[in-house]
Amino acid sequence: MPATEQEIKDVLNTWIETVGKANGDADAVLPLYAPDAVLLATFSSRVRCQSAEDLRGYFTYFTGLPGLRGRLDEVEVHADPAGSLAACSGFYTFFHQGTPDGSEAEAPARFTFVYRKGEDGKLLIVEHHSSVMPEERADAK
């Protein structure tokens, strides 16, 4: 059965909540990803894929940022009514403590997640791309 828009939003919300609560425990995040997932992460200069160890390294760093929390700013859902793939894209912002002056750092980013529904019916992330927002969005001009 194809994924519904609500299922896709639920998986995205679970991801953002899990990342914010992981406190450096990448193993809290990894079950949300398929074993063959590809991650183009916001704060990594290389493709992370084909290995839970590769994803673990990134999420140990990312979720270990002090006071990390995320906020969904805008989400578009793309449910394929005939298939096992689904996607969502949009904008999110991450916040964390620990800047040199003690203030909270803010990192607005854009994202795309592609999900695949497994035989158990669970949506897993197979593709995840996230990049820091340009300084000024074209629609802000």
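> Got a sec to walk through the overall build of the chain? Specific residues and values, please.
Looking only at helices and strands, the chain has two helices and six strands in total. Relative to the globule expectation of 14 Å for 141 residues, the C-alpha radius of gyration of the chain, 15 Å, shows essentially globular dimensions. Along the first, second and third principal axes, the C-alpha set of the chain runs to 50 × 40 × 25 Å. In the chain, which comprises 141 residues, the share counted as buried stands at 39%. When contacts within the chain are restricted to residue pairs at least 6 apart in sequence, long-range pairs at least 24 apart make up 53% of them. For the chain, the accessible surface area stands at approximately 7,800 Å², while carbon and sulfur atoms represent 52% of it.

> So, the nonpolar core: which residues are in play, and what are the values?
Of all hydrophobic cores here, the largest spans 33 residues; its most connected members are Trp15, Tyr33, Phe59, Phe113 and Tyr115. Counting only elements with at least two residues in this core, the list comes to α1 (5–21), β1 (33–40), α2 (52–63), β4 (85–96), β5 (105–117) and β6 (123–132). Broken down by element, the residue count for this core peaks at six residues, all from α1. Those residues in contact with Tyr115 that lie beyond four places of it in its chain are Ile8, Val11, Leu12, Ser84, Leu85, Ala86, Ala87, Cys88, Leu123, Leu124, Ile125 and Val126.

> Which residues make up the pairing of β6, and what are the values?
Strand direction decides the pairing type here: β1 and β6, joined by four bridges, are parallel. What sits directly across from Val38, in β6, is Glu127. Here β5 hands over to β6 after five residues, with Gly121 in that stretch at a positive phi of 90 degrees.

> Requested: an account of the packing of aromatic side chains, with residues and values cited.
Evaluated as defined, the whole model comprises 12 aromatic pairs. Relative to Phe59, the ring of Tyr33 has its centre 5.5 Å away and its plane inclined at 45 degrees; by these criteria the two rings are tilted. Of the two residues, Tyr33 sits in strand β1 while Phe59 sits in helix α2, which places them 26 residues apart along the sequence. Here Tyr33 and Phe59 have matching classes, each one buried. Taking 5.1 Å as the distance between ring centres and 75 degrees as the angle between the ring planes, the aromatic pair formed by Phe62 and Phe94 counts as edge-to-face.

What counts as what
The residue count restarts for each chain, going from 1 along the sequence in the order it is written. The predicted origin of the model limits local features to residues at a pLDDT of at least 70 and limits the giving and counting of side-chain atom pairs to 80 or more, whereas totals for whole chains, interfaces and linings rest on all residues. Side-chain measures here rest on the full set of heavy atoms in the structure, leaving out hydrogens and waters. We count a stretch as a helix when DSSP gives it H or I for four or more residues in a row; a strand needs E for two or more, and each element gets its number in order from the N terminus. Throughout, the radius of gyration refers to the C-alpha atoms, and the reference size of a globule is 2.2 Å times the residue count to the power 0.38. Burial here depends on accessible area, computed with a 1.4 Å probe over protein chains only, as a share of the maximum for the residue type. Under 20% is buried, over 50% is exposed, and the range in between is partly exposed. What makes two residues a contact is simply this: any of their non-hydrogen atoms within 4.5 Å. Note on areas: Shrake-Rupley with a 1.4 Å probe; residue coverage comes only from the protein chains shown. We call a set of buried Ala, Val, Leu, Ile, Met, Phe, Trp, Tyr and Cys residues a nonpolar core when their side-chain atoms join them within 4.5 Å. At least two DSSP bridges between two strands are required for those strands to pair. Ring geometry is summarised as follows: Phe, Tyr and Trp rings, the Trp one being its six-membered ring, pair when their centres sit within 6.5 Å, and such pairs are stacked at plane angles under 30 degrees, edge-to-face over 60 and tilted between the two.

That's the geometry; what it means functionally is another story.
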